[in-house]
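Residues per chain, in single letters:
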Amino acid sequence: MVKSSPTSKSPSAAALAGELRISLGKLIRRVREQAHPGDFTSAQKSVLLRLDRDGPATVSALARAESVRPQSMRITVAGLEVMKAVSGKPDPTDGRQTLVDLTPGFRKTLKESRTAKEDWLVRALQAQLSPQEQSELAAAVKLLQRLADF
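Residues numbered from 1 in each chain as written. Predicted model: local features only at pLDDT ≥ 70, side-chain atom pairs only at ≥ 80, totals over all residues. Heavy atoms only, no water.

The next subject is the overall build of the protein. When helices and strands are counted, the protein shows 7 helices and 2 strands. Seen in sequence order, the protein has helices and strands lined up from the N terminus as α-α-α-α-α-β-β-α-α. Compactness check: the protein gives a C-alpha radius of gyration of 20 Å against a globular reference of 15 Å for 150 residues, more than 25% above the reference. A principal-axis box enclosing the C-alpha atoms of the protein has dimensions of 55 × 50 × 25 Å. Per-residue burial for the protein yields a buried fraction of 21% across its 150 residues. Considering only residue pairs separated by 6 or more positions, the protein has 50% of its internal contacts joining residues 24 or more positions apart. (Helix = DSSP H or I, 4+ residues; strand = E, 2+ residues; numbered from the N terminus. Rg over C-alpha atoms; globule rule 2.2 N^0.38 Å. Buried < 20%, exposed > 50% of the residue type's maximum accessible area, 1.4 Å probe, protein only. Contact = heavy atoms within 4.5 Å.)

Structure, rendered in structure tokens:
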């Protein structure tokens, strides 16, 4: 039995997927413009977000979580240490290990960056969308979350 692709059955779904990708990409770029520009690589950003979300971790644990070699993660973390975004301290349960975490100064910078992005987005929502459209968007966000979890 030949299985047909989703796009052959539903050209409107393919068009929607294309439009959604373009619109989300543009929105993400606009939101990023609102923050202070950083000199972080994508690997560094990923580590910073993981540490912010999950808390302190060893270089080995970060490497596993990011699916990279520990040597590569050491280089990424070293770059972040030079930028004073992260620092290491001995693991209280295993003194041979070092736990890497965000520095207090970087946490403040991260919070300010997020606030700037959210402030811009709130202003854009209020200026560009009616209350009814804002309600529709709230419902659509739930659908986008489901797609992101696919």
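On the surface, Leu-24, Leu-27, Ile-28 and Leu-121 cluster together into a nonpolar patch covering about 290 Å² of accessible area. Top element by residues in the nonpolar patch is helix α2 (residues 11-33). It accounts for 3 residues. Residue placement: Leu-24 occurs in helix α2. Using a relative accessible area of 31% as the deciding quantity, one classes Leu-24 as partly exposed. (Patch = residues over 30% accessible without salt bridge, like charges linked within 9 Å, V, L, I, M, F, W, Y side chains within 5 Å. Areas by Shrake-Rupley, 256 points an atom, 1.4 Å probe, with all protein chains shown as cover. Salt bridge = Lys/Arg side-chain N within 4 Å of Asp/Glu carboxyl O.)

Here we come to the nonpolar core. Leu-48, Leu-51, Leu-62, Met-73, Val-77, Val-86 and Leu-102 are the most contacted members of the largest nonpolar core, which totals 16 residues. If you list the elements that add at least two residues to this core, you get α3 (42-54), α4 (59-66), α5 (70-82), β2 (98-102) and α6 (104-128). (Core = buried A, V, L, I, M, F, W, Y, C linked by side-chain atoms within 4.5 Å.)

A separate point is the layout of surface pockets. For the largest pocket, the calculated volume is near 1,000 Å³. In terms of lining, the largest pocket is formed by 22 residues, of which the most central are Leu-24, Leu-27, Ile-28, Leu-121 and Leu-144. Grouping the constituent residues of the lining of the largest pocket by class yields 14 nonpolar, 3 polar and 5 charged. (1 Å grid on protein atoms, 1.4 Å probe; cavity = no way out; pocket = protein on both sides within 12 Å on 5 of 7 lines; lining within 4 Å. Points joined across faces, edges and corners; volume = space filled by probe spheres on them. Nonpolar A, V, L, I, M, F, W, Y, C, P; charged D, E, K, R; others polar.)

Glancing now at the environment of Arg-32. Counting through the fold element by element, Arg-32 comes out in helix α2. Placed 111 residues apart in sequence, Arg-32 and Leu-143 show a C-alpha to C-alpha distance of 23 Å.

With that settled, consider the environment of Leu-16. Looking at the secondary structure, you find Leu-16 in helix α2. When its relative accessible area of 58% is taken as the criterion, Leu-16 is described as exposed. Distance from Leu-16 to Thr-41, taken between C-alpha atoms, is 31 Å for residues 25 residues apart in sequence.

Once that is clear, we can look at the confidence of the model for the protein. Averaged over all residues, the pLDDT of the protein is 89; the fraction at 70 or higher stands at 90%. The weakest mean pLDDT in the protein belongs to helix α1 (residues 6-9) at 52; the strongest belongs to β2 at 97. (pLDDT = per-residue confidence, 0-100.)

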